[in-house]
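What follows is each chain in one-letter form.
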Amino acid sequence: MSQSPTPEGPGSVAGAPNLPAGFAQTFTSRYVDTGHLRLHAVTGGEGPPLLLLAGWPQTWYAWRLLMPALARDFQVVAVDPRGVGLSDKPLDGYDTGTLARDLVALMDTLGHHRFAMVGHDVGMWTGYALAVDHPDRLERLAVAEAAIPGLSPTPPLFGSQEANDRLWHFAFNRLAGVNEQLVAGREHLYFGHQFATKSAKPLPDHAVRHYVDTLAADPQALRCSFEFYRALDTTIAQNGQRAARRLSLPVLAIGGAANLGASVGATMRLAADDVETLVLPDCGHYPAEESPEAMLSALTAFLAPYRTGRTVSD
């Protein structure tokens, strides 16, 4: 692995606000050069490897409340994917096939051939792609709070008010530039609205500020936040092909009762044969932050066979 500078600033462990006590004694930020791009990952812990991938518009920081406990049993790798946080921000490559290859290259570089993964939101899209495209890499997959474009049924254009309130950002985010012009300088309005309306328990102000400030600090970060959606035509076409290859690995599908609920499990049953569904009460779109204890309990139980049945990845 080539030498890279130590990540600094608000997007790193050293600069992130209000981390759990002792966090920096267990976890460090590092740049990982995969040969094609440089990704920022926060790593720490002992045991078999566990990859954590957050969704739009968050960073590795979304997992902060779970990471100390997970690190007692796993080598935790919480990554900023391309376009996010301190990772490189190329012009393209935001379809889930490319995003999954990025993560495989990341884990290769870190020395992990087989691993378990937890993906939330866009991280769930990518987790599905990785499981299908690279079936030899994943032991277990936990996903949370997303539908999968091209796999899940497409909602109607003229749906209910509730569906519109939940999904209108998909069409907006796919626009080819006017969205950036409208949001630039108003990031706290746009992204703050997303966090406020999709959570059942409000996220702490410091967390919302951290996510939004990260996006507002760099025009490339704002652009990249939309690129995941602009790549949906490619992702949908890929998922049309993936649907013919069912997953056999164990899958845990987590939904917040106040948001997607049991539909997360219904989505994964379209693609996988071994699916466990969990609906968290009094929880919206951000279970790792709204219901960290319940999510940690679920992940601990789901990952127990992986933890006890494997040694540290070679």
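Whatever comes next refers back to the structure up there.
Overview of the structure. (Residues numbered from 1 in each chain as written. Predicted model: local features only at pLDDT ≥ 70, side-chain atom pairs only at ≥ 80, totals over all residues. Heavy atoms only, no water.)

Of regular secondary structure, the protein chain possesses 13 helices and eight strands. Here the protein chain has a C-alpha radius of gyration of 18 Å; the compact-globule value for 314 residues is 20 Å, and the two agree. In terms of overall dimensions, the protein chain has a C-alpha envelope of 50 × 45 × 35 Å along the principal axes. Taken across its 314 residues, the protein chain has 56% of its residues classed as buried. Within the protein chain, contacts between residues at least 6 apart in sequence are counted, and of these 75% link residues at least 24 apart. Computed over 24 positive and 32 negative side-chain charges, the inter-centroid distance for the protein chain is 2 Å. (Helix = DSSP H or I, 4+ residues; strand = E, 2+ residues; numbered from the N terminus. Rg over C-alpha atoms; globule rule 2.2 N^0.38 Å. Buried < 20%, exposed > 50% of the residue type's maximum accessible area, 1.4 Å probe, protein only. Contact = heavy atoms within 4.5 Å. Lys, Arg positive; Asp, Glu negative; His and termini not counted. Charge placed at Lys NZ, Arg CZ, Asp CG, Glu CD.)

Tallying each qualifying case throughout the model produces eleven salt bridges. D233 is paired through a salt bridge with R174; the nearest N and O atoms lie 2.6 Å apart. Residue D233 is found in helix α10 (residues 232–242), and its partner R174 is found in the loop between α5 (161–173) and α6 (178–183); the two are separated by 59 residues along the sequence. Looking at D233, the relative accessible area reads 57%, which means it is exposed. Looking at R174, the relative accessible area reads 34%, which means it is partly exposed. One continuous salt-bridge network, built from bridges that share partners, spans E180, R223, E227 and R230. (Salt bridge = Lys/Arg side-chain N within 4 Å of Asp/Glu carboxyl O.)

Another point: the side chain of D121. Inspection of the secondary structure puts D121 in the loop between β5 (115–120) and α4 (122–133). Buried charge without a salt bridge: D121, with K198 as the nearest opposite-charge side chain at an N-O distance of 7.9 Å. Within polar-contact distance, the side chain of D121 engages the side chain of H285 at 2.9 Å. (Polar contact = N/O pair within 3.5 Å; in protein donor to acceptor, adjacent residues only side chain to side chain.)

Moving on: the nonpolar core. In this structure, W63, M67, L106 and M268 are the most contacted members of the largest nonpolar core, which totals 99 residues. Ranked by residue count, the leading element in this core is α4, at eight residues. Excluding anything up to four places from it in sequence, M67 contacts F23, F27, V42, L52, W60, V76 and A78. (Core = buried A, V, L, I, M, F, W, Y, C linked by side-chain atoms within 4.5 Å.)

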